[in-house]
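Structure at a glance
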Amino acid sequence: MTIGKIPAGEAVPVELGDRSYKIEIGRGLLKQVGTLAEHFAPGGRCAIVTDANVNAAQGEKLRAGLDAAQIEHATIEVPAGEKSKSTDMLDQVVDQLLAARLERSDLVLAFGGGVVGDLAGFAAAVTRRGMRFIQIPTSLLAQVDSSVGGKTGINSRHGKNLIGAFHQPVHVLIDLDVLTTLPNREFRAGYAEVVKYGLIKFPDFFKWLEQNHNAVFAHEEALAEAIAKSCEAKAEIVKNDETEKGERALLNLGHTFGHALEGFTSYDSDRLIHGEGVAIGMVLAHEFSNRLNLCSIDDVARMKAHLQTVGLPTTISDIPGDLPNADTLMDFIAQDKKVVRGSLTFILTNGIGKAYIANEIPPCEVNAFLKDRLSK
Ligand code: GLY
């Protein structure tokens, strides 16, 4: 199997008719941002939406790229962390886009991790009834998942990502060099989303990750391959099902449990960050599938072992602090977007690389499973 080998100078296409775009992956790409902006908005202006950490570490590099092409730009900085995916912050970003007098034909540059991408993308979707934006993801998680496919949005007090829109970027620029300043914990959390593609429907990729994870974590060539393979996988799924009427829901493997855990910890990043919630959630999804006689215990052990090998949390008790009870988690799960007329839609699996969408899972089954897990 060829794992994510994109020839130099080419990019992964996301084929969506007149909303198609490319995912460019390489080193030192931030320098080219001016040329890119000029291509998409000749003579136009840009607003960089970023967070305080990314701005401090990488902001000057991006601005230098825009200055080199004499592109006028404003920077809108939000606090780092999941709490910025709020209605208040959305209001502030939109207000600053309008205060900077950006026109509909100008560009928003979403420069940061998943939080910034989701927030800036949603701000672009609603400002002036829809501005174009470029995703410039700076975390592994955003590079392999959230920057691709057009899901944008913010959290509500009722749950995660409950306010949002599908709004595709016009381009995704993935500069591998920005990952060198990413904290290890963030890198590891992003790796959970890489593993997810193998677990969903690319078992050879999962095997490749088992063999190559050291090289991926050492930022060797394998990292570019893993990102490219993840983007190819995501682009294929999004092309088949842009607005999640079917197959795209597979990308939610582990997310229903993961979002509930994030909700329980009040999105406190000291306790749990998104990719860690997904890692625990994916293990729970495999264990739940095993309980329903769908997935072998060997496959559960194998996927859990890989996540543990790279240092990801794999059980609810790995989360520091007090533990939730099953009913609390069920309240969060009941608010998840995957509830249809009281029944739950879960991503279950027949084994590694064999995930599927299971409709009509009775909530009492999930509750009994969680009670059992939490008593161990
Ligand atoms: N992150 C899941 C999706 O884009 O559908």
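Read on for an overview of the structure. Just so it is clear, the structure is predicted and the values come from calculations on it, not from any experiment. Per chain, residues are indexed from 1 in the order of the written sequence. Confidence filtering applies because this is a predicted model: local features only for residues at pLDDT of at least 70, side-chain atom pairs given and counted only at 80 or more, and all residues used for totals across whole chains, interfaces and linings. Note: side-chain values were computed over all heavy atoms of the structure, leaving out hydrogens and water.

Here's the deal with the overall build of the chain
Secondary structure follows DSSP: runs of H or I at least 4 residues long count as helices, runs of E at least 2 residues long count as strands, and numbering of each begins at the N terminus. Looking only at helices and strands, the chain has 13 helices and 12 strands in total. Just to be clear, the radius of gyration here is over C-alpha atoms, and the globule rule we use is 2.2 Å times residues to the power 0.38. In terms of C-alpha radius of gyration, the chain reaches 20 Å, essentially the compact-globule figure of 21 Å for 376 residues. With respect to the principal axes defined by its C-alpha atoms, the chain has extents near 60 × 45 × 40 Å. Any residue under 20% of the maximum accessible area for its type is buried, any over 50% is exposed, and the rest in between are partly exposed; the area is computed with a 1.4 Å probe on protein chains only. Relative to its full complement of 376 residues, the chain shows a buried share of 59%. Residue contacts are counted whenever heavy atoms from the two residues lie within 4.5 Å of one another. In the chain, the proportion of contacts linking residues at least 24 apart, taken out of those at least 6 apart, comes to 76%. Accessible surface, the chain: about 15,400 Å² in total, of which carbon and sulfur atoms supply 48%. Only four residue types enter the charge count: Lys and Arg as positive, Asp and Glu as negative, with His and the chain ends excluded. In this description, the location of a charge corresponds to atom NZ of lysine, CZ of arginine, CG of aspartate or CD of glutamate. For the chain, the separation between the mean place of its 39 positive charges and that of its 48 negative charges on side chains is 3 Å. The method behind every accessible area is Shrake-Rupley, applied with a 1.4 Å probe, and residues are considered shielded solely by the protein chains displayed.

Here we look at the packing of aromatic side chains
Within 6.5 Å between ring centres, the rings of Phe, Tyr and Trp (the latter by its six-membered ring) count as paired, and their orientation is classed by plane angle as stacked under 30 degrees, edge-to-face over 60, tilted in between. Here the structure, examined in full by the defined rule, presents eight aromatic pairs. Arranged with centres 5.9 Å apart and planes meeting at 20 degrees, the rings of Phe 205 and Trp 208 form a pair that is stacked. One end of the pair is Phe 205 and the other is Trp 208, both in helix H7 (residues 203–217) and three residues apart, which spans about a single turn. The interplanar angle of 40 degrees and the centroid separation of 5.0 Å between the aromatic rings of Phe 288 and Phe 369 together place this pair among those described as tilted. Taken together, the positions of Phe 288 in helix H10 (residues 274–291) and Phe 369 in helix H13 (residues 363–374) put the pair 81 residues apart, joining distant regions of the chain. With respect to class, Phe 288 is no different from Phe 369; both count as buried. Connected via pairs of aromatic rings, a cluster forms that spans Phe 257, Phe 288, Phe 346 and Phe 369. In this arrangement the basic side chain of Lys 196 is found over the ring face of Tyr 197, its NZ or CZ atom lying 5.5 Å from the centre. Charge-over-ring placement is defined geometrically: NZ (Lys) or CZ (Arg) within 6 Å of the ring centre, and within 35 degrees of the ring normal.

A short note on unusual backbone geometry
Backbone geometry places Arg 128, a non-glycine residue, at a positive phi of 50 degrees. Mapped onto the elements of the fold, Arg 128 is located in the loop between helix H4 (114–126) and strand E6 (132–137). Although it is not a glycine, Glu 360 adopts a positive phi angle of roughly 60 degrees. Tracing the backbone shows Glu 360 in strand E12 (residues 355–361).

A look at the pairing of strand E11 (residues 343–349)
For E11, a buried count of six out of seven residues is recorded, marking the element as mostly surrounded by other parts of the structure. Sheet topology note: the E11/E12 ladder contains five bridges and is antiparallel. Note on E12: the bridge partner recorded for Ile 347 is Ile 357. If DSSP finds at least two bridges between two strands, the strands pair. Between the antiparallel neighbours E11 and E12 lie five residues, among them Gly 351 with a positive phi of about 145 degrees.

Quick notes on the site of the ligand
Nearness is defined per residue: one heavy atom within 4 Å of the molecule or strand is enough. Near the ligand the following residues occur: Asp 145, Lys 151, Lys 234, Glu 244, Arg 248 and Leu 251. The separation between a nitrogen atom of the ligand and a polar side-chain atom of Asp 145 is 3.1 Å. In the analysis that follows, any N or O atom pair within 3.5 Å is treated as a polar contact, provided that within protein one partner can donate a hydrogen and the other can accept it, and provided that, for residues neighboring in sequence, both atoms belong to side chains. The side chain of Arg 248 places a nitrogen or oxygen atom 2.7 Å from an oxygen atom of the ligand. If the ligand stood free it would expose 200 Å²; the protein chains cover 89% of that surface. Of the residues contributing to the shell around the ligand, the split by class is one nonpolar, no polar and five charged. Just so you know the grouping, Ala, Val, Leu, Ile, Met, Phe, Trp, Tyr, Cys and Pro go in nonpolar, Asp, Glu, Lys and Arg go in charged, and all remaining residues, Gly too, go in polar.

Nothing here speaks to function; it is all geometry.
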